[in-house]
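Each chain, written out:
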Amino acid sequence: MTDITIESVLQENRTFAPPTALAQAAHVSSMAQYEELYEKAKADPAGFWAELAEQELDWFKPWDKVLDWQPPFAKWFEGGKLNITYNCLDRHLTTWRKNKAAFIWEGEPGDSVTLTYAQLHRQVCKMANVLKDMGVSKGDRVGIYMPMIPEAAIAMLACARIGAAHSVVFGGFSAEALRDRLVDAKAKAVITADGGFRKDKVVHLKDAVDQALADNAVPSVQKVLVVQRTKSEVTMAAGRDIWWHEVEPDAAADCPAEPMDSEDLLFILYTSGSTGKPKGVVHTTAGYNLYTHMTLKWAFDLKDTDVYWCTADVGWITGHSYIVYGPLSNGATAVMYEGVPRPSNPGCFWDVVEKYGVTIFYTAPTAIRAFIKMGNDLPNARDLSSLRILGTVGEPINPEAWIWYHKVIGKERCPIVDTWWQTETGGFMLTPLPGATPTKPGSATKPFPGILADVVDMNGKPAGDDEGGYLVIKHPWPSMLRTVYGDEDRFRKTYWEQIEPKDGQYFYFAGDGARRDKDGYFWIMGRVDDVINVSGHRLGTMEIESALVSHPAVAESAVVGRPDDLKGEDIVAFVTLEGGATASEDLKAELKQHVVNEIGAIARPGEIRFAEALPKTRSGKIMRRLLRNLASGAEIAGDTSTLEDRTVLDKLRQGDPESA
Ligand code: PRX
């Protein structure tokens, strides 16, 4: 027995084999081939990655040493020199890809732009030269605060081109959040836009930048480059602010890629921990380039003929790795879309798929559940026959949503690639390979070759089959975070000292609970702090939520623990209902019984609360911390600045609609 027993009670036994034709043509086309790769990488991780680094990337100078592992600090490809933008741009210009679309971009109002590799290269060089003129040089940090427009990617690449590290702050974050991040990164410049279009409204980004920089709150920032998007009125500070469209025409269209050391800082990306201020996750150049390149190539079976679309925002790691660097390094065509499904155009995603013939579609469970709620008519009215692979990321996907995705979007033809990873891991860690791995709804399946994942107890002892425990990684991988920016101590404590190293074995602590079944499939049970202990039994919140969502009346649910004298903790479930369903006491009783039927009496919710909406972060994660406060009748404690819609909280406070 492990010392924690996250009991997994949800049984999902369906498996889905890769479609034969897809498997035959895939980069990795059978389980035997996957296992061969996995075993090869396990036996000699450094050799495995070195071989791929040589095959897949272009280097200005070869490395001296593949891996230098001085726990918890890893260095990959030391002595090597490269530039990630060379791999993403220049090397394609000498091939037929020169005039291939790198980005197909569509704006929320319906405007669109296609940038070929040659055009993208030109724009990146121009912005890189402008940055130089602004006084930005190698080693500096640049804040990027942008809507989802091509210039967001151009800005990232322009920084990397000259060896400046970018720190992208999601355009939905507030001025305060932006300020904190700019201060922590000691950014020298900021790249932003006048505004962006989101849900039919203009988001005034430049105003937020002005607010963040007001009163010299970020003394390190000297210049602000502003892209014109919405043409809304902005104030330009003389001597500080520069319009991109004014300097772009005269900027030189050539800027050689700065030779970077493999371990030079590529970017910082802030992510919230369960406590404290956001952590600046540090990623470096070569390992990140290689790992995002390989994972995208194999896990999405990326081919030159694909039209690949990841619906994330570049403000998140998913956007960094799998909208910008991974696709471009592979020479792919990537769709970039400014909009999100909104009342005026709920079917916009399916329009984009149809319009551009998207073949690979990568989104998040929270979006999938929203689509389910909107009904099948929207996707059914579009031609989705171009799709061949579907992906999901961000949270455990409940089997109900998985099956809907499989049937209604994938028409039972497209493998679903459930990718488990984190800002810290840089790239996919657990993922099916669509031509090889039989999938099970709700499981991120198996480790990517080269990833030694395990489920262990607090002492590092492996859990048995189907026994809950902590998800850990037992060997460094090329794109792992190198440190927390400016806080090595936090890096050690958060990730490497949760489980004490033993006999030279270090454990990267992911902060997720998981179990592994008898077939070696991993099942993520959510963050460790989202686990509820009822009468000494730990239950993954996701499993109870899955059960609830499988009831026809339920659209979405979030389950939290509430302190309970008898049981330790009791389960409180917040539930939003499907369009036609009506909140009532009878329905509450029915849902409780439904959970009992699905999982067992141990999981019976003590309370069901109906809600119009759940409090979510702008990235779509349910803010359980707030729900825990509400459930226990406590005051809302801590930071609520990442909440997408504050009125949701007020409505929840006022009680559920049924009792109103
Ligand atoms: O709890 C896991 C969940 O998201 C966390 C990482 O969040 P973030 O750094 O914001 O990165 C999200 C995009 C990579 C993980 O610790 N998570 C992510 N993907 C999955 C997931 N949980 C279950 N299944 C997934 N596929």
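Notes on the structure follow. (Residues numbered from 1 in each chain as written. Predicted model: local features only at pLDDT ≥ 70, side-chain atom pairs only at ≥ 80, totals over all residues. Heavy atoms only, no water.)

## Remarks on the nonpolar core
Right, so step 1: Membership of the largest hydrophobic core comes to 144 residues, with the highest contact counts inside it found for Trp-49, Phe-77, Leu-120, Ile-191, Tyr-308 and Tyr-325.
Right, so step 2: Among the elements that line this core, the one with the most residues is helix α6 (residues 150-162), at 10 residues.
Right, so step 3: Beyond its immediate stretch of four places on either side in the chain, Tyr-325 contacts Ile-84, Cys-88, Met-156, Leu-157, Ala-160, His-166, Leu-266, Tyr-288, Thr-292 and His-320.
Right, so step 4: Core analysis: the next-biggest nonpolar cluster, separate from the first, contains 31 residues, Trp-309, Phe-349, Ile-403 and Ile-416 among them. (Core = buried A, V, L, I, M, F, W, Y, C linked by side-chain atoms within 4.5 Å. Buried < 20%, exposed > 50% of the residue type's maximum accessible area, 1.4 Å probe, protein only. Helix = DSSP H or I, 4+ residues; strand = E, 2+ residues; numbered from the N terminus. Contact = heavy atoms within 4.5 Å.)

## Points about the site of the ligand
Right, so step 1: Taken together, 15 residues lie near the ligand, and Asp-418, Thr-419, Thr-423, Asp-512 and Arg-527 sit nearest.
Right, so step 2: A distance of 2.6 Å separates an oxygen atom of the ligand from a polar atom in the side chain of Thr-423.
Right, so step 3: Protein contacts shield 90% of the accessible area of the ligand, which totals 540 Å² for the unbound molecule.
Right, so step 4: For the shell around the ligand, the secondary structure elements donating two or more residues are β21 (416-419) and β25 (522-527).
Right, so step 5: Looking at the shell around the ligand residue by residue, the class counts come to 5 nonpolar, 5 polar and 5 charged. (Near = heavy atom within 4 Å. Polar contact = N/O pair within 3.5 Å; in protein donor to acceptor, adjacent residues only side chain to side chain. Areas by Shrake-Rupley, 256 points an atom, 1.4 Å probe, with all protein chains shown as cover. Nonpolar A, V, L, I, M, F, W, Y, C, P; charged D, E, K, R; others polar.)

## What about the sheet that holds strand β23 (residues 469-473)?
Right, so step 1: Strands sit in the order β22-β23-β24-β25 across an open sheet of 4 strands; the sheet is antiparallel. If you trace the sheet from one side to the other, it starts and ends with β22 (453-456) and β25, each paired once. Sheet twist, expressed as the average angle between the axes of neighbouring strands with direction ignored, equals 45°. (Pairing = 2+ DSSP bridges. Axes fitted to C-alpha atoms, helices over the stretch in contact; angles between N-to-C directions.)

## What to know about the packing of aromatic side chains
Right, so step 1: In the structure shown here, the tally under the stated rule is 38 aromatic pairs.
Right, so step 2: Taken together, the aromatic side chains of Trp-69, Phe-73, Trp-477, Phe-491, Tyr-495, Trp-496, Tyr-506 and Tyr-508 make up a single cluster linked through ring pairs.
Right, so step 3: The lysine or arginine in question, Lys-440, covers the ring of Tyr-521, its NZ or CZ lying 4.5 Å from the ring centre. (Phe/Tyr/Trp six-rings, centres within 6.5 Å; stacked < 30°, edge-to-face > 60°. Lys NZ or Arg CZ within 6 Å of the ring centre and 35° of its normal.)

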